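# Breakdown of the fold
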Amino acid sequence: MSTDRPTVAPEPRRNADGTTSVLTSDAGIVRVACPAWCFVEHGYRVPPAKAEITHRSEAVWALADTPEQGPTSLVEVSLVQWPYSDRDAVFLGVETDDGFLEVGPTGAHRIATALREHAAHIDSMAAHLVSLRAGEDQ
């Protein structure tokens, strides 16, 4: 095998006790116990470092179905955790224009508040559109 090709990680192995065995690049085989919300199979293209093992919940998108453009996705959120890293707390993962952010409960509440405020602004702009299209307020 060529030395410039990445090592392909073997498929993770499900154990009888419900854990998954994952081959890591720095700690050998690690038995991973997933929380109930974790939906990933822990298959990695190359063996990860132990600290890179990641729990993720299924991503949920805020979706809108518009008559003009059809369905569109607006924002994605999921739970995420790196159980063997120095950041082992569970975070809310949010996909934004700035990339993928991980925030705690306070950040999650602030994002929800901002989305509600923005929704109210969009509603007021939609009302303005109605009056503009009716020929008012031109």
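Computed from a predicted structure; not experimentally measured.

### Overview of the overall build of the protein
- A count of helices and strands for the protein gives one helix and eight strands.
- The order of helices and strands in the protein, counted from the N terminus, is β-β-β-β-β-β-β-β-α.
- Relative to the 2.2 N^0.38 estimate, which gives 14 Å for 138 residues, the radius of gyration of the protein is 22 Å and therefore markedly larger than a compact globule would have.
- With respect to the principal axes defined by its C-alpha atoms, the protein has extents near 70 × 35 × 30 Å.
- Counting the 138 residues in the protein, one finds 22% classified as buried.
- Put simply, of all contacts in the protein between residues at least 6 apart along the chain, 30% involve residues at least 24 apart.
- Within the structure as shown, the protein displays about 9800 Å² of accessible surface, and the carbon and sulfur contribution to it stands at 55%.
- Taking the average location of the 11 positive side-chain charges in the protein and that of its 20 negative ones, the two points are 10 Å from each other.

### Some remarks on the confidence of the model for the protein
- Per-residue confidence for the protein gives a mean pLDDT of 92, with 93% of residues at or over 70.
- Across the protein, the element-wise mean pLDDT spans from 88 in strand β1 (residues 13-14) up to 97 in strand β4 (residues 55-56).

### Remarks on the pairing of strand β5 (residues 60-66)
- Bridging between β5 and strand β6 (residues 70-81) involves seven bridges; their strand directions are antiparallel. Paired with Thr-66 across the two strands is Gly-70, which belongs to β6.
- Counting the residues between successive antiparallel strands, the hairpin from β5 to β6 contains three residues.

### Concerning helix α1 (residues 105-133)
- Relative to the 42 Å expected for 29 residues at 1.5 Å per residue, α1 spans 42 Å between its end C-alpha atoms, a close match to the ideal helical length.
- Two residues or fewer past α1, Gly-135 is found with a positive phi of approximately 90 degrees.

Reading the values: the criteria
- Residues numbered from 1 in each chain as written.
- Predicted model: local features only at pLDDT ≥ 70, side-chain atom pairs only at ≥ 80, totals over all residues.
- Heavy atoms only, no water.
- Helix = DSSP H or I, 4+ residues; strand = E, 2+ residues; numbered from the N terminus.
- Rg over C-alpha atoms; globule rule 2.2 N^0.38 Å.
- Buried < 20%, exposed > 50% of the residue type's maximum accessible area, 1.4 Å probe, protein only.
- Contact = heavy atoms within 4.5 Å.
- Areas by Shrake-Rupley, 256 points an atom, 1.4 Å probe, with all protein chains shown as cover.
- Lys, Arg positive; Asp, Glu negative; His and termini not counted.
- Charge placed at Lys NZ, Arg CZ, Asp CG, Glu CD.
- pLDDT = per-residue confidence, 0-100.
- Pairing = 2+ DSSP bridges.
- Expected span 1.5 Å × (residues − 1).

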